[in-house]
Amino acid sequence: MSNFTPSFLDQVLARTDLVELIARHVELKKSGSNMMGLCPFHHEKSPSFSVSADKQLYYCFGCGKGGGAFQFLMEHDGYSFPEAVEYLAEKAGLEIPQESASKPDDNKRRERALQWLSKVSEVYVRQLFAESGEMARTYLKRRKLPESIVRKYMLGYAPAGYGFMQRCFGEDVRVLAGLEAVGVTVKGDRGYIDRFRNRLMFPIRDRRGKVVGFGGRILADEQTAKYLNSPETDYFHKSDLLYGLSEHRDEIRKRKMLLVVEGYMDVLALAAHDLPIALAPLGTAIGENQLREIFRLHDQPVFCFDGDRAGRQAAWRALERMLPILKSEFAPRFLYLPEGEDPDSLVDKEGGDAFSHRILNDAQPVLQTWLTGLRNLAGKGADGRARMAKKAEAMLVSMTDDYLRQAWRQEAEKATRITLTHNETGGRRYDRTVSVKKRPVNIVQESFMVGLMQKPERLYDLPDDLKRINLDEEGLDRLYRRALDSIRSCGASEFNLIQQLKYEFPDDIYLAKWMNQAAVSDDEFASLIMDMQVAILKRDLTFEKDLSRNLKMQAALAELQKRQKVLRVKLEDSRWGDE
Ligand SMILES: [Zn+2]
């Protein structure tokens with residue numbers, strides 16, 4: 001499904017009308033031979049976003065974003081390349097060619113899984129409105145969630161007892177295995193039992209709106225977790241998904257308002273008060289990929305937290321996570337609610353208008369949140385100022401936008417009346433092996449990318465810590481993210497990654513350069529991975545203040561370096577052998 005031939009891609013483009021595609025999001029007016037409108041990628045008051053019907057290209061004279069239909073879906077809606085192609089192909093009524101590559105089953109398996117999840121979701125919905133769902137309905141009434149919202153977001157109910165799925169879908173072994181694979185049943189000693197029992201069910205959708213998993217809220221007072229999510233699968237990555245994304249994307253863009261909240265019920269309560277603009281992570285602290293998604297959607301998101309101690313700590317963690325991807329074009333803000341309130345309870349008390357007033361007026365800019373947080377952490381007096389300066393400096397290191405870093409440093413200097421060390425190259429003082437943007441391209445990271453381009457299936461076996469990091473150089477990182485995205489979304493093993501990326505980034509200098517690189521052997525690639533892991537660990541070590549965790553990391557580092565040495569010897573040997 002992902003091995004698109006150039007002729008297929010051309011067919012898709014030939015049957016796509018870019019003007020129509022864009023006009024769904026942007027109001028376009030004829031101007032000369034082009035159409036013009038307000039750019040959906042940056043804030044502006046007079047139109048500088050042009051779409052050419054002849055060339056089927058868009059270009060913004062303000063921010064420089066431009067491309068064709070695939071790029072638009074990727075930039076605007078966050079689709080991966082295969083997702084964009086599939087979406088447009090489907091729309092044009094084109095059959096997507098089934099690939100002949102080595103793992104064709106992956107796609108089929110994934111499609112089947114999504115079909116199962118959609119069926120299960122419908123069953124849960126029916127149960128909610130059946131007799132057995134009374135308790136769940138009572139709960140929803142108590143939480144004042146109107147039926148229109150319950151239906152729109154397809155909330156459901158998983159009945160009590162262990163054998164509901166089996167009663168519902170029958171005893172066929174393949175069916176039971178299918179249900180287990182999507183995580184709604186668990187295989188035990190006595191057959192398959194239901195994972196979700198007596199829970200209110202929230203279907204969780206991916207960017208395209210397909211159900212990829214569930215969150216279930218317990219209804220009875222049992223000694224179990226309040227919320228239970230589907231297990232991780234290759235389509236359900238908790239750290240990448242946001243509840244409400246596919247439902248709220250358009251409203252967020254239209255109203256230019258995005259609120260990040262903590263729970264599913266917050267998202268829904270706000271929607272019930274005509275604020276369908278909230279997104280929530282899936283029960284975990286917000287991660288870097290989720291933040292990226294958020295900033296792609298809106299450059300001024302508001303992060304909402306409880307005003308108590310725990311809430312302030314959570315806000316601080318979110319801020320720390322945000323630093324590496326923060327840019328001067330972004331203006332995130334932090335909103336603290338009165339202690340003990342969450343958006344759900346507060347919007348119910350004061351209504352939607354008062355709540356949006358709060359969002360507009362009470363949310364404080366990220367810089368202010370940072371300075372206040374630093375001051376609180378450091379304490380009073382001269383030594384407090386010194387501690388604050390130190391902490392500020394340590395945090396500035398993780399910022400990648402040079403101008404923003406300078407601006408923040410100046411603010412921190414004003415606040416502390418201490419001159420901070422001007423380490424323009426960020427992490428250098430802390431760790432020589434981790435370079436930052438301004439340094440020439442990190443050779444290890446570039447070779448790593450070349451290795452990935454040559455054998456995209458290597459993407460599947462990458463260790464998780466590598467998938468989470470950003471490469472130092474922005475251009476390199478952009479390609480890395482897209483590569484990760486495309487395997488995540490299509491699951492196929494053999495595809496021409498370079499060709500796909502070239503479609504996406506036609507002028508990319510790296511891709512041109514990498515076409516004829518010497519082959520990176522598997523051992524060499526393994527060694528590159530280790531080099532990068534060592535660099536990550538070393539960097540993390542400098543930030544890890546918790547002693548026991550710090551010691552654990554040191555042990556892991558030592559182990560890794562030992563293996564690295566062994567591999568290096570092996571590589572040396574094989575090099576001699578070549579001659
Ligand atoms: Zn623009």
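Everything quoted here is computed from the prediction, not taken from an experiment.

**Observations regarding the overall build of the protein**
Item 1. The helix and strand tally for the protein stands at 24 helices and 16 strands.
Item 2. Taking 2.2 N^0.38 as the reference for a compact globule, 579 residues should give roughly 25 Å; the C-alpha atoms of the protein span a radius of gyration of 25 Å, in line with that estimate.
Item 3. Out of the 579 residues belonging to the protein, those deemed buried represent 51%.
Item 4. Across the protein, every contact between residues at least 6 apart in sequence was considered, and the portion connecting residues at least 24 apart equals 65%.
Item 5. Element-wise, carbon and sulfur atoms account for 51% of the exposed surface of the protein, whose accessible area totals about 28,400 Å².

**Observations concerning helix H14 (residues 343-362)**
Item 1. Here H14 contains 20 residues, and its C-alpha end-to-end distance of 14 Å is more than 12% below the 28 Å for a straight helix at 1.5 Å per residue.
Item 2. At glycine 351, H14 shows its maximal kink, close to 115°.
Item 3. Each element contacted by the buried residues of H14 is listed here: strand E12 (259-260), helix H11 (264-272), strand E14 (302-306) and strand E15 (333-337).

**Some remarks on the coordination of the zinc ion**
Item 1. Within the first shell, the zinc ion binds the protein through Cys39 (SG), His42 (ND1), Cys60 (SG) and Cys63 (SG), at distances of 2.0 to 2.3 Å.
Item 2. Here the zinc ion is ringed by four donor atoms whose angles at the metal span 102 to 117°, and the overall shape comes out tetrahedral.
Item 3. Counting the intervening residues between successive donors of the zinc ion yields the motif C-x2-H-x17-C-x2-C.
Item 4. Among the residues examined, histidine 42 registers a relative accessible area of 22% and is labelled partly exposed.

**Considerations on the pairing of strand E3 (residues 49-52)**
Item 1. Side chains of E3 alternate between two faces, with Phe49 and Val51 and Ser50 and Ser52 buried alike.
Item 2. Bridge count for E3 against strand E4 (residues 57-60) is four bridges, and the pairing is antiparallel. Counterpart to serine 50 in the pairing with E4 is tyrosine 59.
Item 3. Hairpin remark: E3 followed by E4, antiparallel, with four residues in the connecting loop; positive phi at glutamine 56, about 55°.

**Digging into helix H1 (residues 6-14)**
Item 1. When we look at burial in H1, the residues that qualify are Phe8, Leu9 and Val12. Down the axis of H1, the sector holding all buried residues measures 100°, keeping them to one side.
Item 2. If you follow the buried residues of H1, they end up packed against helix H3 (69-77), helix H4 (81-91) and helix H21 (497-504).

**What about the pairing of strand E7 (residues 185-188)?**
Each regular strand carries side chains that alternate between the two faces of the sheet.
Item 1. Relative to strand E8 (residues 191-194), E7 runs antiparallel, the two being bridged by four bridges. In the sheet register, valine 186 faces E8, and the bridge partner there is isoleucine 193.
Item 2. Following E7, the chain reverses through two residues before pairing antiparallel with E8.

**Quick word on the pattern of salt bridges**
Item 1. Under the definition given, this model contains 34 salt bridges.
Item 2. Where aspartate 234 meets arginine 109, a salt bridge forms, and the shortest distance between an N and an O atom there is 3.7 Å. Note that aspartate 234 is positioned in the loop between strand E11 (227-229) and helix H10 (245-255) and arginine 109 in helix H5 (residues 104-129), a separation of 125 residues in sequence.
Item 3. A relative accessible area of 43% means that arginine 109 is categorised as partly exposed.
Item 4. For aspartate 362, the salt bridge goes to arginine 358, with nearest N and O atoms at 3.9 Å. With aspartate 362 and arginine 358 both in helix H14, this residue pair falls four residues apart, about one helical turn.
Item 5. Looking at aspartate 362, the relative accessible area reads 46%, which means it is partly exposed.
Item 6. Overlapping salt bridges bring together Glu83, Arg207, Glu293 and Arg296 as one network.

**Side note on the sheet that holds strand E2 (residues 34-37)**
Item 1. Pairing is antiparallel in the open sheet, where five strands are placed in the order E1-E2-E3-E4-E5. Where the open sheet ends on each side, the last strands, each with one partner, are strand E1 (29-31) and strand E5 (66-67).
Item 2. Summarising the sheet, E2 and E3 pair through three bridges and their orientation is antiparallel. Note on E3: the bridge partner recorded for methionine 35 is valine 51.

**Considerations on the nonpolar core**
Item 1. Counting 101 residues, the largest nonpolar core has Leu155, Tyr243, Leu259 and Trp370 as its most contacted members.
Item 2. In terms of residue count, the dominant contributor to this core is H5 (eight residues).
Item 3. Those residues in contact with leucine 259 that sit more than four places away from it in its chain are Leu270, Ile277, Ala278, Leu279, Val302, Cys304, Phe355 and Ile359.
Item 4. Ranked by size, the runner-up nonpolar core spans 31 residues in total, among them Phe4, Val12, Phe72 and Met74.

**Some remarks on the domain arrangement of the protein**
Item 1. By domain assignment, the protein separates into domain 1 (6-91), domain 2 (104-229), domain 3 (245-362), domain 4 (372-422) and domain 5 (443-578).
Item 2. Each of domain 1 and domain 4 has a C-alpha centre, and these two points are 42 Å apart.

**Details of the sheet that holds E15**
Item 1. Overall, mixed pairing links the five strands, which are arranged E13-E12-E14-E15-E16 in an open sheet. Two strands bound the open sheet, and with one partner strand each, they are strand E13 (278-279) and strand E16 (364-365).
Item 2. Sheet analysis places E12 next to E14, joined by two bridges and oriented parallel. Counterpart to leucine 259 in the pairing with E14 is valine 302.
Item 3. Relative to the sheet, helix H13 (residues 309-322) contacts E14 and E15, its axis offset from that of E14 by approximately 150°.

What counts and how
Residues numbered from 1 in each chain as written. Predicted model: local features only at pLDDT ≥ 70, side-chain atom pairs only at ≥ 80, totals over all residues. Heavy atoms only, no water. Helix = DSSP H or I, 4+ residues; strand = E, 2+ residues; numbered from the N terminus. Rg over C-alpha atoms; globule rule 2.2 N^0.38 Å. Buried < 20%, exposed > 50% of the residue type's maximum accessible area, 1.4 Å probe, protein only. Contact = heavy atoms within 4.5 Å. Areas by Shrake-Rupley, 256 points an atom, 1.4 Å probe, with all protein chains shown as cover. Expected span 1.5 Å × (residues − 1). Bend = angle between axes of the 7 residues up to and from the residue. Donors = N, O, S within 2.8 Å, 3.2 Å for Na, K, Ca; no water. Tetrahedral: all angles 85-135°; square planar, octahedral: opposite > 155°, others 65-115°. Pairing = 2+ DSSP bridges. Arc of directions from axis to C-beta. Salt bridge = Lys/Arg side-chain N within 4 Å of Asp/Glu carboxyl O. Core = buried A, V, L, I, M, F, W, Y, C linked by side-chain atoms within 4.5 Å. Domains from an automatic or database assignment. Axes fitted to C-alpha atoms, helices over the stretch in contact; angles between N-to-C directions.

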